[in-house]
Amino acid sequence: ISVRAVRALRNVNAADASTIHTLRVSFKKLRYAVEVLAPLIGGFPKATKQWMGEYQTLMGEVQDCEVMIAGARRFTAARVAGRRIPMIAVQEALAVRKNRALAAFLLRAGELETRCPRG
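Figured I'd write up the structure that's included with this text.

**Remarks on helix H2 (residues 17-37)**
Taking 1.5 Å as the rise per residue, H2 with 21 residues should run 30 Å; its terminal C-alpha atoms sit 30 Å apart, in good agreement. Against the buried residues of H2 lie helix H1 (3-10), helix H3 (46-77), helix H4 (88-108) and helix H5 (111-115).

Quick look at the structure:
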């Protein structure tokens with residue numbers, strides 16, 4: 001397991017999505033290193049590769065929501081024909097989506113220490 005990824009996991013704070021993004025970046029580096037080195041060390045089980053993809057996707061969904069929320073805020077702040085564009089329903093829907101993505105990730109966050117390849 002990558003020391004950086006484990007450190008990032010231990011720093012995850014549900015109230016600060018940037019901590020999940022930091023973990024995601026560290027985990028991506030670990031995942032890609034595993035994929036590159038796998039043929040040299042006899043490979044990794046298909047289930048491990050699948051898990052790594054799913055784990056990364058969980059974190060990516062949280063980050064996607066963060067990006068969309070920031071975009072909606074910028075859009076709301078802009079004026080069109082002298083008026084602000086109401087985006088309350090969009091912002092509320094994005095908040096619900098982010099909360100679901102965050103809950104799904106947090107439910108499985110600890111898997112990094114139990115399912116990740118060791119080396």
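**Considering the nonpolar core**
Core analysis: the biggest nonpolar cluster contains 21 residues, and Leu23, Phe27, Tyr55, Phe105 and Leu112 have the highest contact counts within it. For this core, the elements supplying multiple residues, two or more each, are H1, H2, H3 and H4.

**Some words on the packing of H3 against H4**
Packing of H3 against H4 leaves a shortest axis separation of 9 Å and a crossing angle of 155 degrees. With respect to their mutual orientation, H3 and H4 come out roughly antiparallel. The hand of the H3/H4 crossing is left-handed. Here the contact of H3 with H4 is built from residues that sort into 15 nonpolar, two polar and seven charged.

**A look at H1**
Within the span of H1, buried status applies to Ala5, Val6, Ala8 and Leu9. Along H1, the residues classed as buried sweep out an arc of 160 degrees about the axis, all on the same side. Those residues of H1 that are exposed and angled more than 90 degrees off the buried face are Val3, Arg4, Arg7 and Arg10. Of the residues that open H1, the one with a side-chain oxygen 3.2 Å from the backbone nitrogen of arginine 4 is serine 2.

Reading the values: the criteria
Residues numbered from 1 in each chain as written. Predicted model: local features only at pLDDT ≥ 70, side-chain atom pairs only at ≥ 80, totals over all residues. Heavy atoms only, no water. Helix = DSSP H or I, 4+ residues; strand = E, 2+ residues; numbered from the N terminus. Expected span 1.5 Å × (residues − 1). Contact = heavy atoms within 4.5 Å. Core = buried A, V, L, I, M, F, W, Y, C linked by side-chain atoms within 4.5 Å. Buried < 20%, exposed > 50% of the residue type's maximum accessible area, 1.4 Å probe, protein only. Axes fitted to C-alpha atoms, helices over the stretch in contact; angles between N-to-C directions. Parallel < 35°, antiparallel > 145°, perpendicular 65-115°, else oblique. Left-handed = near helix turned anticlockwise from the far one by under 90°. Nonpolar A, V, L, I, M, F, W, Y, C, P; charged D, E, K, R; others polar. Arc of directions from axis to C-beta. Polar contact = N/O pair within 3.5 Å; in protein donor to acceptor, adjacent residues only side chain to side chain.

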